[in-house]
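Structural overview
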Amino acid sequence: MCAGCFIHLLADSRLKEEQATCPNCRCEISKNLCCRNLAVEKAVSELPAECTFCLKQFPRSSLERHQKEECQDRVTQCKYKRIGCPWQGPFHELPAHEGECSHPTKTGTELMAILGEMDQSHRRDMQLYNSIFSLLCYEKIGFTEVQFRPYRTDDFITRLYYETPRFTVLNQTWVLKARVNDSERNPNLSCKRTLSFQLILKSKVNSALECSFLLLKGPYDDVRIKPVIHHHSFSNDANETDYVPLPISDSVECNKVLAAKNINLRLFIFQVQK
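Everything in this summary refers to the structure shown in the same document.

Each value, and the rule that gives it
- Residues numbered from 1 in each chain as written.
- Predicted model: local features only at pLDDT ≥ 70, side-chain atom pairs only at ≥ 80, totals over all residues.
- Heavy atoms only, no water.
- Helix = DSSP H or I, 4+ residues; strand = E, 2+ residues; numbered from the N terminus.
- Rg over C-alpha atoms; globule rule 2.2 N^0.38 Å.
- Contact = heavy atoms within 4.5 Å.
- Areas by Shrake-Rupley, 256 points an atom, 1.4 Å probe, with all protein chains shown as cover.
- Buried < 20%, exposed > 50% of the residue type's maximum accessible area, 1.4 Å probe, protein only.
- Polar contact = N/O pair within 3.5 Å; in protein donor to acceptor, adjacent residues only side chain to side chain.
- Phe/Tyr/Trp six-rings, centres within 6.5 Å; stacked < 30°, edge-to-face > 60°.
- Lys NZ or Arg CZ within 6 Å of the ring centre and 35° of its normal.
- Pairing = 2+ DSSP bridges.
- Patch = residues over 30% accessible without salt bridge, like charges linked within 9 Å, V, L, I, M, F, W, Y side chains within 5 Å.
- Salt bridge = Lys/Arg side-chain N within 4 Å of Asp/Glu carboxyl O.

1. Focus on the overall build of the chain
- Within the chain, the regular secondary structure consists of 6 helices and 13 strands.
- Here the C-alpha atoms of the chain give a radius of gyration of 24 Å, more than 25% beyond the 19 Å that 2.2 N^0.38 yields for 274 residues.
- Taken along its principal axes, the extent of the C-alpha atoms in the chain is 70 × 65 × 30 Å.
- Counting contacts in the chain only where the partners sit at least 6 residues apart, residues at least 24 apart contribute 52% of the total.
- Here the chain has roughly 17,500 Å² of accessible surface; of this, 51% comes from carbon and sulfur atoms.

2. Re unusual backbone geometry
- Phi is positive for Leu55, which is not a glycine, with a value near 65°.
- With respect to the helices and strands, Leu55 occurs in the loop between β1 (48–50) and β2 (57–59).
- Among the residues examined, Leu55 registers a relative accessible area of 53% and is labelled exposed.
- In this structure, Asn171 takes a positive phi of about 65° despite not being glycine.

3. Points about the side chain of Ser196
- Within the element layout of this structure, Ser196 appears in strand β9 (residues 195–201).
- On the accessibility criterion, Ser196 (6% relative accessible area) is buried.

4. Notes on the environment of Cys25
- With respect to the element layout, Cys25 can be found in the loop between α1 (3–16) and α2 (38–45).
- Along the backbone, Cys25 and Thr241 are 216 residues apart, and their C-alpha atoms lie at a distance of 46 Å.

5. Some words on the side chain of His103
- When you line up the elements, His103 lands in the loop between α4 (94–100) and α5 (108–135).
- At 3.4 Å, the side chain of His103 and the backbone nitrogen of Cys85 are in polar contact.
- In this structure, His103 is in contact with Tyr80, Ile83, Gly84, Cys85, Pro86, Leu111 and Ile114, ignoring residues within four places of it in sequence.

6. As for the packing of aromatic side chains
- Inspection of every chain in the model, using the stated rule, returns 5 aromatic pairs.
- A centroid spacing of 6.2 Å and a plane angle of 10° characterise the contact between Phe268 and Phe270, whose relative ring orientation is stacked. Here the two residues Phe268 and Phe270 agree in accessibility, since each one is buried.
- Taken together, Phe143, Phe268 and Phe270 form an aromatic cluster joined through their ring pairs.
- One Lys or Arg, Arg74, reaches over the ring of Phe91 and ends 4.0 Å from the middle of that ring.
- Here Arg179 stacks its cationic end above the ring of Tyr243, 3.8 Å away from the centre of that ring.

7. Remarks on the pairing of strand β11 (residues 230–234)
- Every second residue of β11 is oriented toward a common face, the buried set being His230, His232 and Phe234 and the non-buried set His231 and Ser233.
- Here strand β10 (residues 209–217) pairs with β11 via 5 bridges, running antiparallel. Residue pairing for β11: Glu210 is matched across the bridge by Ser233.

8. Looking at a nonpolar patch on the surface
- A surface patch of nonpolar side chains, amounting to about 400 Å² of accessible area, comprises Tyr129, Phe133, Leu136 and Ile141.
- For Ile141, the location among the structural elements is in strand β5 (residues 140–152).
- Assessed through its relative accessible area of 33%, Ile141 is described here as partly exposed.

9. Structural notes on the pattern of salt bridges
- Evaluation of the coordinates by the stated rule reveals 4 salt bridges.
- Here Arg65 makes a salt bridge to Glu70, at a shortest N to O gap of 2.3 Å.
- Overall, the relative accessible area of 46% leaves Arg65 in the partly exposed class.

10. Comments concerning the environment of Glu117
- Of note, Glu117 is situated in helix α5.
- Judged by its relative accessible area of 58%, Glu117 is exposed.
- Spatially, the C-alpha atoms of Glu117 and Glu145 are 38 Å apart, while their sequence positions differ by 28 residues.

Right, here's the structure in full:
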């Protein structure tokens, strides 16, 4: 079984609250029970596989290099992408396109408009990183490793959710909760899978506690998360944030997270000084 199918199978079993089983022999499988079969891997690496682009057959061991460097049908981009050319196409058509590409002959005014749009995207990215650096200048900063553990609701049709044990940051007690596909009835039937989370203040406070917070990849996980800064003013009457998306890149990454026994991330909380 390939790694992608294995992870998808474990994620499905987590959502359906069932023990994952092999689709062929029906024996129980898990990350702890399965191991790599190096002899089979070696044999499989020599079997032919089809190139995604040219549809020709190549040994699996050389397929990746072929698709990245050698295939004449691999998808490539125009060298004038830096000045706004959106063209994408097969590698063998690249010389003809670049010979006819209109972007090198555009006027300065036209190029300034294109570069302005590209600068906007760059400024959004820089704004995020500058915001993070600004938060790092705050006097009161706390972070901790958090572990989301899977649980089931008490509904007739149970739903999967995640919750962390209570933890202390900035001398306050907190809990994080997460849910799959915004708690839809049957997320296991959906190809698109997402996670959202909320931060809950469990301590009682004498005055409003205004905070910024963000979740990042933990030191022991390889999930790809794009940092997003959230803000909330916590009080005894407003001690929970709304559910916000966990910015995982795609459904494949989400399946990796769901297939794991627990979700390990790192939480940063920055207290805004009044």
